Amino acid sequence: MHPAYSVIIFTTASGAGYGLLIGLAVSVLLGIVPRDPTFGFFALGTAVALITIGLLTSTFHLGRPGRAWRAVTQVGTSWLSREGVAALVTYLPIAALGLGWVFGEYEPGQIIVGALLSIVGALVTVWCTGRIYSSLPTIRAWHQRLVAPVYLMLAFVTGSVLLDFFLIVFGYPFWGAAAITALLLALGCDLKMRYWAKIDSDDRTYTAEAATGLGRFGTVRPLDPPHTQPNYVMREMGYQVARRHARKLRKIALLLLFVLPLACIAALLALELPHTADVAIAALMMLSAAAGVLIERWLFFAEAEHVVMVFYRGGAA
Amino acid sequence: MTALPEPTTKKLGLVIDLDTCVGCHACATSCKEWNTSGYPKPLTDQDAHGADPHGSWLNRVHSYEVGQGAASRTVHFPRSCLHCETPACVTVCPTGASYKRASDGIVLVNPDTCIGCKLCSWACPYGAREYDYDDGTMKKCTLCVDRIYNETFAPEDRIPACVRACPTGARHFGDLGDPSSAVSQLVKEREGFDLLPEMGFKPVNKYLPPRPRRDQNAIPTQPAEQPVASTGSIADRFFAWADRALSR
């Protein structure tokens, strides 16, 4: 599948934003972070900015962005519609939480209720994002049980890394949050590796023989193509990444997204460093995870093969 | 709305005969010609006179080589929307622009409400939907909905443009929901089949398989031409050498 930058940036940015939102909401519910307005403004503001930038970027993928509002009308059948509605509805509890945190509560319990509903909204939105992909049986690498959980887990991972960064920058105790980040990184790494193992070992069940119904006469080989230049279907669904490049990129993604951030956390927890060094390490961890998740998401598209290509290339998908 | 209607009793669709299709692409060009000025608005082309010309077409004709060696055959294979009974392209649509008509089962895109998110093209295993890069919306086969009910046309013209254009009669149009219709009888008689039935989208369009070869026993097992053997004379040896040299 063609890795469109708008969709890659949308899913990674909004994923990290919702992850940070969940991290902040959980922390505020457990009383781990102080209700400092400045911290709330910058940390929650970053979450809202990432979510909003992601949603706006997603409209660049549309042929008719001006009609984007129509996309919230089909929640009965469409996961894309559900995602849009969940994303918009989640702004309400975010507003309750954020305004209460930064400007003080208008209503008692505003922050608690806002935090609880923010968590629910963020979970639902990211789950819907994953389900858009995993509900498509035409793309074997996406039609997998692990796809939606990986989307959620990577939102947790990237959000948790961001939360650590803000705690460290503001000089708050970060050991508990960093330990949780380490746990999420380990779980996320395991989940992503299991996903890759699954798509590598899965049978390619859809063949050109089955797609054309001509298997009864023998193998089916494309002879003359229907057109001389690639059409939309081939440009969108026929993207191919060299296998050896994919292997290397998987290793780089694992290194940047999980291994290097884990090493950063080990350094943060084990070493008694001056504050500026802690901030530098947290920034490195954040940039590394960001680069890692971008490569991971690029691969998620580039490695996915669409069944329609068996009509063009023969073989199996 | 992208919720599917109750199963329709009328199931308009095409039956495509892979035995008689000669791969002339008349159905594809005729489709483009009719539909670029028809219901789905212009089917635009990009870089039409440049190095990378491409554009939206609603019908594509593949040619395959099927089987091995002397027993192999060439099969021409037109591919377009199959107007599935349970189309995923409709249910994934976030705007309601994609819909299946309750009256006759035709799957259409409303060109005024499509946002061009391309998700329907991801959901379709048959590559039936093409994005129009200029218009920013999805285009697909309309089963020539603007021809088949058009009472200003002569009755013989009230069929899809591809069916009208086919010079070998390889394309048939009719109601596949009516077991007594000519197309249903044809499918029964020729054992018409679905494409990728295991996907579960229940295509309405059917394909008729190529008929068995009548000359199955006449397929030669030896190459027709034997290499020229040399018998010794200078002329013979010259021609044997020429044969070898030219065969290289």
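Please refer to the structure placed before this passage.
Now for a description of the structure that goes with this document. Keep in mind the model is a prediction, meaning the values are calculated, not measured.

Moving on: the pairing of strand S1 (residues 12-17) of chain B. All names here are of chain B. Along S1, six of the six residues are buried, which leaves the element largely enclosed by surrounding structure. One ladder, built from five bridges, connects S1 with strand S10 (residues 171-175); its direction is antiparallel. Residue Leu 12 lies in a different strand from S10, and its bridge partner there is Asp 175. Examined bridge by bridge, S1 and strand S11 (residues 206-208) share three bridges and lie parallel to one another. From the neighbouring strand, Ile 16 faces S11, where its bridge partner is Tyr 207.

On to unusual backbone geometry, then. It is generally the case that most residues other than glycine have a negative phi and that most peptide bonds are trans. Residues and elements named next belong to chain B. Notably, Cys 144 is not glycine yet its phi reads approximately 50°, a positive angle. Position of Cys 144 among the secondary structure elements: in the loop between strand S9 (137-139) and helix H4 (145-148). For Leu 196, which is not glycine, the phi torsion reads 45° and is therefore positive. Within the element layout of this structure, Leu 196 appears in the loop between helix H6 (182-190) and S11.

So, on to the packing of helix H5 (residues 147-169) of chain A against helix H6 (residues 175-201) of chain A. All names here are of chain A. Orientation of H5 relative to H6, taken along the N-to-C sense of each, is 155°, at an axis distance of 9 Å. Our classification of the angle between H5 and H6 gives roughly antiparallel. Handedness of the crossing formed by H5 with H6: left-handed. The residues of H6 that touch H5, namely those facing Pro 149, Val 150, Met 153, Leu 154, Phe 156, Val 157, Ser 160, Val 161, Leu 163, Asp 164 and Leu 167, are Ala 177, Ala 178, Ile 180, Thr 181, Leu 184, Leu 185, Leu 187, Gly 188, Leu 191, Lys 192 and Tyr 195. Residues that form the contact of H5 with H6 fall into these classes: 17 nonpolar, three polar and two charged.

The interface is formed by 52 residues belonging to chain B together with 45 residues belonging to chain A. Looking at the side of chain B that touches chain A, the elements that each hand over two or more residues are strand S4 (59-66), strand S5 (73-80), helix H3 (119-123) and strand S8 (130-132) of chain B. The element best represented in the side of chain B that touches chain A is S4(B), accounting for seven residues. Grouping the amino acids of the side of chain B that touches chain A by side-chain chemistry returns 27 nonpolar, 18 polar and seven charged. As paired strands, strand S1 (residues 220-224) of chain A and S4(B) are joined by four bridges and run antiparallel to one another. The partner of A:Arg221 across the bridge, within S4(B), is B:Glu65.

Here we come to the pairing of S4(B). Residues and elements named next belong to chain B. Counting buried residues in S4 gives six out of eight residues, a clear majority hidden from the surface. Note: S4 against S5, eight bridges, orientation antiparallel. By the bridge assignment for S5, Tyr 64 is matched with Val 75. What sits between the antiparallel neighbours S4 and S5 is a turn of six residues, in which Gly 67 has the positive phi angle 90°.

Glancing now at the sheet that holds S1(B). All names here are of chain B. Strand order in the open sheet formed by three strands is S10-S1-S11, and the pairing between neighbours is mixed. The sheet is open, and its two borders are formed by S10 and S11, each paired with just one other strand. Strand-to-strand, the axes of this sheet are offset by a mean angle of 25°, without reference to chain direction. Relative to S10, H6 is tilted by about 120°, and along the sheet it contacts S1, S10 and S11.

Here we have three strands laid out as an open sheet, ordered S1(A)-S4(B)-S5(B), and antiparallel in their pairing. Looking at which strands have only one partner, the edges of the open sheet turn out to be S1 of chain A together with S5 of chain B. With direction set aside, neighbouring strand axes in the sheet form an average angle of 40°. The strands that helix H1 (residues 26-35) of chain B touches are S4 and S5 of chain B; relative to S4(B), the one it contacts most, it runs at about 170°.

Reading guide: rules and limits
- Residues numbered from 1 in each chain as written.
- Chains lettered and ligands numbered in written order.
- Predicted model: local features only at pLDDT ≥ 70, side-chain atom pairs only at ≥ 80, totals over all residues.
- Buried ≥ 20, exposed ≤ 12 C-beta atoms within 10 Å, placed from the backbone.
- Helix = DSSP H or I, 4+ residues; strand = E, 2+ residues; numbered from the N terminus.
- Pairing = 2+ DSSP bridges.
- Axes fitted to C-alpha atoms, helices over the stretch in contact; angles between N-to-C directions.
- Parallel < 35°, antiparallel > 145°, perpendicular 65-115°, else oblique.
- Left-handed = near helix turned anticlockwise from the far one by under 90°.
- Contact = placed C-beta atoms within 7 Å.
- Nonpolar A, V, L, I, M, F, W, Y, C, P; charged D, E, K, R; others polar.

So, to be careful, I would describe these as geometric facts and stop short of saying anything about function.
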